[in-house]
Amino acid sequence: MANSWCYPDIYLWLQNLPIITQWNSNSMSICICSSSNPPLNLSVNKNVQSSSTISFSIVADFTVPIFLWSSKPIKIDTKSLKLLENYSISSLLINIIEDVLSYSSKTCTSLPRIPKLDSISNFGDVFNQAFLTLTFLICTYEAPESIRVACLNNIKNQLTNCQLRGASKSLMKYLGSNIEEKWMRSLNLAITNWIVELKATNQTPRSSSAMFSYAVSRLGLWKVQLYCPVMAMDIESSSSSADDRLLFSLKYHQLEGVIQLNHKVTVHETWIDVMVKIDNIRCDVIELVNRTLMAERGVGVEEKHFPSRISLRLTPVLQSNIFSVSVSKSSDNPRREVGTEKSIEASFDPPNTYIGFNVSICIDSLNNKGKTVFSNNFTILSQVSAGETMTMSLKPWKFEESVNGYSGMLNWFLHDSVDGREVFSTKPSKMSLRNPKAWFKDRYSSAYRPFTRQGGVVFAGDEYGERVHWKVDKSVIGMKMEWEIKGWIWLTYLPNKYRTFYNETRKLEFKEILYLTIA
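Before going into details, it helps to say that this report is about the structure given with it. (Residues numbered from 1 in each chain as written. Predicted model: local features only at pLDDT ≥ 70, side-chain atom pairs only at ≥ 80, totals over all residues. Heavy atoms only, no water.)

Here's the deal with the overall build of the protein
When helices and strands are counted, the protein shows nine helices and 22 strands. In the protein, buried positions account for 46% of the 519 residues. Put simply, 70% of the contacts in the protein that link residues at least 6 apart link residues at least 24 apart. (Helix = DSSP H or I, 4+ residues; strand = E, 2+ residues; numbered from the N terminus. Buried < 20%, exposed > 50% of the residue type's maximum accessible area, 1.4 Å probe, protein only. Contact = heavy atoms within 4.5 Å.)

With respect to helix α5 (residues 162–175)
Helix length check: α5, at 14 residues, gives a terminal C-alpha distance of 20 Å against a target of 20 Å (1.5 Å per residue), a fit within 8%. What α5 keeps buried is the set Leu164, Ala167, Ser168, Ser170, Leu171, Met172 and Leu175. Here the buried face of α5 lies against α2 (86–101), α3 (123–142), α4 (145–159), α6 (177–200) and β6 (212–218). Capping of α5 at its N-terminal end is provided by Asn161; its side-chain oxygen lies 2.8 Å from the backbone amide nitrogen of Leu164. (Expected span 1.5 Å × (residues − 1). Polar contact = N/O pair within 3.5 Å; in protein donor to acceptor, adjacent residues only side chain to side chain.)

Section: the pattern of salt bridges
Pairs may arise between side chains of opposite charge once their charged atoms sit close together. Overall, the coordinates contain 12 salt bridges when judged by the stated rule. Close ionic contact of Glu197 with Arg148 constitutes a salt bridge, the shortest N to O distance being 2.6 Å. With Glu197 in helix α6 and Arg148 in helix α4, the pair connects residues that are 49 residues apart, well separated along the chain. Residue Arg148 is classed as buried on the basis of its relative accessible area, which comes to 12%. For Lys486, the salt bridge identified is with Glu509, shortest N-O distance 3.4 Å. Placement of Lys486 in strand β21 (residues 480–493) and of Glu509 in strand β22 (residues 504–517) is noted, with a sequence separation of 23 residues between them. (Salt bridge = Lys/Arg side-chain N within 4 Å of Asp/Glu carboxyl O.)

Topic: helix α7 (residues 244–251)
Buried residues of α7: Leu246, Phe248, Ser249 and Leu250, and no others. Its side-chain oxygen placed 3.2 Å from the backbone nitrogen of Arg245, Asp243 serves as the N-cap of α7.

Notes on unusual backbone geometry
The amide bond that connects Asn37 to the next residue, Pro38, takes the cis arrangement and shows omega of 5 degrees. Positive phi outside glycine occurs at Leu219, with the angle close to 55 degrees. As for its placement among the helices and strands, Leu219 is situated in the loop between β6 and β7 (221–229). You can call Leu219 exposed: its relative accessible area is 84%. The backbone of Asp442 sits at a positive phi, close to 50 degrees, despite the residue not being glycine. For Asp442, the location among the structural elements is in the loop between α9 (430–434) and β19 (457–460).

A short note on the packing of α3 against α6
Close contact between α3 and α6 brings their axes to 10 Å; oriented N to C, the two are set at 40 degrees. When the axis of α3 is compared with that of α6, the two are oblique. For the crossing formed where α3 meets α6, the hand is left-handed. Seen from α3, the contacting residues are Gln129, Ala130, Thr133, Phe136, Leu137, Thr140 and Tyr141; seen from α6, they are Trp183, Ser186, Leu187, Leu189, Ala190, Ile191, Asn193 and Trp194. Residue composition of the contact of α3 with α6, grouped by class: 10 nonpolar, five polar and no charged. (Axes fitted to C-alpha atoms, helices over the stretch in contact; angles between N-to-C directions. Parallel < 35°, antiparallel > 145°, perpendicular 65-115°, else oblique. Left-handed = near helix turned anticlockwise from the far one by under 90°. Nonpolar A, V, L, I, M, F, W, Y, C, P; charged D, E, K, R; others polar.)

Examining the nonpolar core
As a rule of thumb, soluble globular proteins bury nonpolar side chains together. Core analysis: the biggest nonpolar cluster contains 121 residues, and Leu40, Phe56, Phe127, Trp183, Trp412 and Trp470 have the highest contact counts within it. Broken down by element, the residue count for this core peaks at 11 residues, all from α3. Here this core spans two domains, since at least three of its residues come from each of domain 1 (1–202) and domain 2 (210–331 + 395–518). Those residues within four positions of Leu40 in sequence are excluded, and the remaining contacts are Ile30, Cys31, Ile32, Cys33, Ile58, Val59, Ala60, Leu68, Thr135, Cys139, Ile147 and Cys151. Membership of the second largest hydrophobic core comes to seven residues, among which are Leu189, Phe248, Met294 and Val301. (Core = buried A, V, L, I, M, F, W, Y, C linked by side-chain atoms within 4.5 Å. Domains from an automatic or database assignment.)

Here we look at the sheet that holds β22
Read across the sheet, six strands follow the order β8-β22-β21-β11-β18-β17 without closing on themselves; strand pairing throughout is antiparallel. The two strands at the open ends of the sheet, each matched to only one other strand, are β8 (234–238) and β17 (397–404). Along the sheet, successive strands turn relative to each other by an average axial angle of 20 degrees, direction set aside. As paired strands, strand β11 (residues 306–316) and β21 are joined by 10 bridges and run antiparallel to one another. Its bridge partner lying in β21, Leu312 is registered against Gly487. (Pairing = 2+ DSSP bridges.)

Printed below as a string of C-alpha cells:
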C-alpha cells in the first residue's frame, strides 16, 4: 500500500476500520514506510481490559517488534457500526498534537479546540499532515539507526509535497499562532538534529530546503509566515572553524519571519490602480533548546545570527494586462553634518614676574568671528593647533526600492555604523573582531542596537510606508489575479560577548503565491 514515494492515506484507513467483533486478531496494521527494512507500521490494538477503548502504536516490524510510540486510550462506541466516530478521531488528533508539542523545549499550557469534523473540508489531509509530523519526530528520536535515515527521507518527501503543504496551512489556522510557533520549534528541532547527524557522517539531506512557509490573502492584507532552522540555510561565507561550544549555540536556532503587505485596488474610468504598501516585516532568530542546555553545551543564547539583509520581489504572474509599475524612491540617503574648527594659541614668558598677560585668539570658521581675551597670566609661545571634523549620521538599516521588469523590489541592508560597510557582504578583519568596543559587541543590550532586545528586526509601515504601484487594464475586473512574492533573508554571525574570530553569513530563499480579486 505504501512505497518510498507514496504515503498511505491514514485517515481513510481509520475511517474504514471494521468494528472489533470482526477482527481476526488483537491488532490491525498498515505500513507507513516500506522503504526501510524492516518496514514501519501503524497498528491499532484492542484493550484487553476494556472493550470500550483502543490504542494506536507506531511499530518497527523487526522479528521482535519495537514499539516507538503509543497513544493514550481512545474511547469507542461499541454499539456503533463504525470503529471510530468523529469524536474518537478528534481525540486521536489532540493526542497527536500533544505529543508533537512535547518535543518542544518549552511546555505548552493550552491546547487548541478542534472544530467539528464536518466543518473542515480537508480534514483528512490535516489529520495526515499532523500524524506524519509526529512520525517524523518519533523516527528522529526513537527509531533504531538501521532504519532511521530511510524513514526520515521518506517522511520528509511527503511533508513537502503540495497536498500536505496545503493542509499545513489549515492545521496552523486551527492551532492558532502561539501553538503554531511551538509546533514549528518542535519540528525544526528534530530537523536540526537530523541534519547534525547527517553532517557528522558526511551526508546531506536529499533536499536542500528544510523551510516551512505559507501565504494568506484576505482582509486587504497579504501575509507570508515562514520558519527555517539556521542549520538548513545555505552558507554564503564563513571564516575559520569555530569551537564545538560556539557551534552548538549557532546550530540550535531557527529563523521565524512574518511579511505583511497591505493592498488596495482603485478603479478609474479607463484603468485600475493596484497599490501595495508595507504593513509589517518581522524577522526573529529564536533558540530551539532551553537556556540551561545552551549554557551547558553551548556558549549561551546571545551568541547567534542576526538579520543583515532582507530582499523581497513582488511580481504579477499574468503580465499581459499590466501597463506599468512604479516605486516611491530608490534610496534612503544618510544625513551628513560637516563642521570645521580652527584655533591658534600664542603665549610668552617675560623676565618680570610681576607683570603678565595672556593672549588667546580663536577663529571659528562657521561664524567668522574673532575674539581677544586678556588676563594676568604670561606664558611663552607653546603650540599652534588646527583641526577639521566631519560627522555622518548613518541609519543602521538602509531601505531601497527598485523595479525589474514588472517586479517591484524592496530591499533592507544593514550597515556598520562605524565605517558604513554592508554587513552581509563584508568580511570583517581580526582586528575589528578583537576590538571590545566594536559595534556588534553587546548588540542585544546596547541603547544603539539595530535589533530588538531578542535579536530580531521589525520594519513597520510608519517608517517604510512607501508603495509599489501597478497600472492594470480594466478588463481584469472580476478576475482573481496572482502575485508571486519571492524573498531572500540573510543571517550573519559576528562575536557578541564570546571571544572568537569566527563569523559567517547564511541565506534563505522562499517563494509563495498571493491572490487578489479585482472588484
